[in-house]
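Per-entry structural report
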Amino acid sequence: MNVLVTGGAGYIGSHAAKALIEAGHRVSIIDNLERGHAAAVHPQAHFQKLDLRETQALTGLLQQQAIDCVMHFAALAYVGESVQQPLRYYDNNTAGSLSLMKAMADANVPRMVFSSTCATYGIPQTMPIVETMPQRPINPYGWSKLFVERMLADQAAAVPEFAFTALRYFNVAGCAADGSLGEDHDPETHLIPVMLEAALGKREQVSIFGEDYPTPDGTCIRDYIHVEDLVDAHILAMEALKDGDARFYNLGIGRGYSVRQMVDAARAVTGVNFAITTGPRRPGDPPELYANADLIQRELGFKPRYTDIERIIETAWQWFKTHPDGYAATTR
Ligand code: UDP
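Residues numbered from 1 in each chain as written. Predicted model: local features only at pLDDT ≥ 70, side-chain atom pairs only at ≥ 80, totals over all residues. Heavy atoms only, no water.

**Some details on the pairing of strand E8 (residues 205–209)**
Of the two faces of E8, only the one carrying Val-206 and Ile-208 is buried; Gln-205, Ser-207 and Phe-209 on the other face are not. Across 5 bridges, E8 lies against strand E13 (residues 275–279) in parallel orientation. In the strand pairing of E13, Phe-209 is matched with Gly-279. (Buried < 20%, exposed > 50% of the residue type's maximum accessible area, 1.4 Å probe, protein only. Helix = DSSP H or I, 4+ residues; strand = E, 2+ residues; numbered from the N terminus. Pairing = 2+ DSSP bridges.)

**Considerations on the packing of helix H6 (residues 191–199) against helix H10 (residues 309–322)**
At a closest axis distance of 10 Å, the pairing of H6 and H10 adopts a crossing angle of 50 degrees. With respect to H10, the element H6 is oriented oblique. Considering how the two elements wind past one another, H6 and H10 form a crossing that is right-handed. Each of Ile-192, Pro-193, Leu-196, Glu-197 and Ala-199 in H6 lies in contact with H10, whose residues at this interface are Ile-313, Ala-316, Trp-317 and Phe-320. Considered class by class, the residues forming the contact of H6 with H10 number 8 nonpolar, no polar and 1 charged. (Axes fitted to C-alpha atoms, helices over the stretch in contact; angles between N-to-C directions. Parallel < 35°, antiparallel > 145°, perpendicular 65-115°, else oblique. Left-handed = near helix turned anticlockwise from the far one by under 90°. Contact = heavy atoms within 4.5 Å. Nonpolar A, V, L, I, M, F, W, Y, C, P; charged D, E, K, R; others polar.)

**So, the sheet that holds strand E14 (residues 288–289)**
Spatially, 3 strands are ordered E12-E9-E14 in an open sheet, and the strand pairing comes out mixed. Each of the sheet's edge strands pairs with one partner strand only, and the pair in question is strand E12 (257–258) and E14. Relative to E12, strand E9 (residues 221–222) is paired through 2 bridges, and the arrangement is antiparallel. From the neighbouring strand, Arg-222 faces E12, where its bridge partner is Tyr-257.

**Brief notes about helix H1 (residues 11–22)**
With 12 residues, H1 extends 17 Å between its outermost C-alpha atoms, agreeing within 8% with the 16 Å of an ideal straight helix rising 1.5 Å per residue. Judged by how many residues are buried, H1 sits mostly within the fold: 11 of 12 residues are covered. Those residues of H1 that fall on the buried side of the exposure criterion are Tyr-11, Ile-12, Gly-13, Ser-14, His-15, Ala-16, Ala-17, Lys-18, Ala-19, Leu-20 and Ile-21. The inward-facing, buried residues of H1 contact strand E1 (2–6), strand E2 (26–31), strand E4 (69–72), strand E6 (163–169), strand E7 (171–173) and helix H7 (227–240). (Expected span 1.5 Å × (residues − 1).)

**Digging into the side chain of Thr-59**
Among the secondary structure elements, Thr-59 is positioned in helix H2 (residues 55–64). Owing to a relative accessible area of 11%, Thr-59 belongs among the buried residues under this scheme. In this structure, Thr-59 is in contact with Ala-103, Asp-106 and Ala-107, ignoring residues within four places of it in sequence.

**Remarks on the site of the ligand**
Of all residues adjacent to the ligand, which total 14 residues, the nearest are Leu-191, Ser-207, Phe-209, Arg-282 and Asp-285. A distance of 2.7 Å separates a nitrogen atom of the ligand from a polar backbone atom of Ser-207. One nitrogen or oxygen atom from the side chain of Arg-282 is found 2.7 Å from an oxygen atom belonging to the ligand. Coverage of the ligand by the protein chains reaches 87% of its 510 Å² of free accessible surface. For the shell around the ligand, the secondary-structure elements that each account for two or more residues are H6 and E8. A total of 3 residues in the shell around the ligand trace back to one element, the largest contributor, which is E8. Along the lines of polarity and charge, the residues of the shell around the ligand split into 7 nonpolar, 4 polar and 3 charged. (Near = heavy atom within 4 Å. Polar contact = N/O pair within 3.5 Å; in protein donor to acceptor, adjacent residues only side chain to side chain. Areas by Shrake-Rupley, 256 points an atom, 1.4 Å probe, with all protein chains shown as cover.)

So, in structure tokens, the structure goes:
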């Protein structure tokens, strides 16, 4: 298929482009390069520097490249930043997706796989999370994505040949096992990269954001899924789409790890006893989030290859050790 990957210079989008090309698809990428890296753009993909909000240019690209399906990753994705700058999130994530959907409608592109988030659930009453639970986000990031789910559902109800799958990600982690792609955010706030930077001596310590949560060891619990498993699920979702489909799946491995357990795992993988401190809770952090991932396994036959947290961290450690400055030193 001809697939447009939005945000294809970003962490997840770049891994998706690689997997699609390896599976024999023809890939076009757009990215505004605000947070993405030109060096992460796959050399075999057609690349255009474009912002989601440039509707007309997008329509032209969709037509010119004869796109069959859009994998839509481009988004701002920091919860804390979304609380500080909500309009920026609604503009980029929600209005940007609206612009993309308009371009798809104008160019008659009938399929989308959308990068949604477990942040759309807010603080669920019970764990694990199943897809039918109420969605009540507790931050603008979650809302900005939930609005897109809604727009997609309404569009699928209105246009018989349109179809989409929204994948509600849990915590995406790890790097390409062949070492070709990695994770390079600025600022870096995610737990695994922060720990690996500490192991490399680039940070003095790792602050644990709260040890007084109602969990067994007092720290937050999250469900970490390897980025290569995650992008495989996108390809399965794309290939399964049929006219009129409106699908929603949780995408995690269905098991939670506490921040303390993550610290132990990262220390074991790196062999570095990096320093930790206890900091205050981070606003907007639910105590516990992990998926019931049965639906996607049952309906799409998805099976994660990485179920062991140390193996996931190992793939990230390979990248961080060999790219201590991220993509800065990489040219393509
Ligand atoms: N976390 C932490 N210290 C850090 C970064 C993250 O204790 O320096 C915790 C955070 O509170 C959350 C978990 O690690 O419970 C995962 O956070 P991350 O930012 O990686 O992903 P999120 O769950 O926010 O999507």
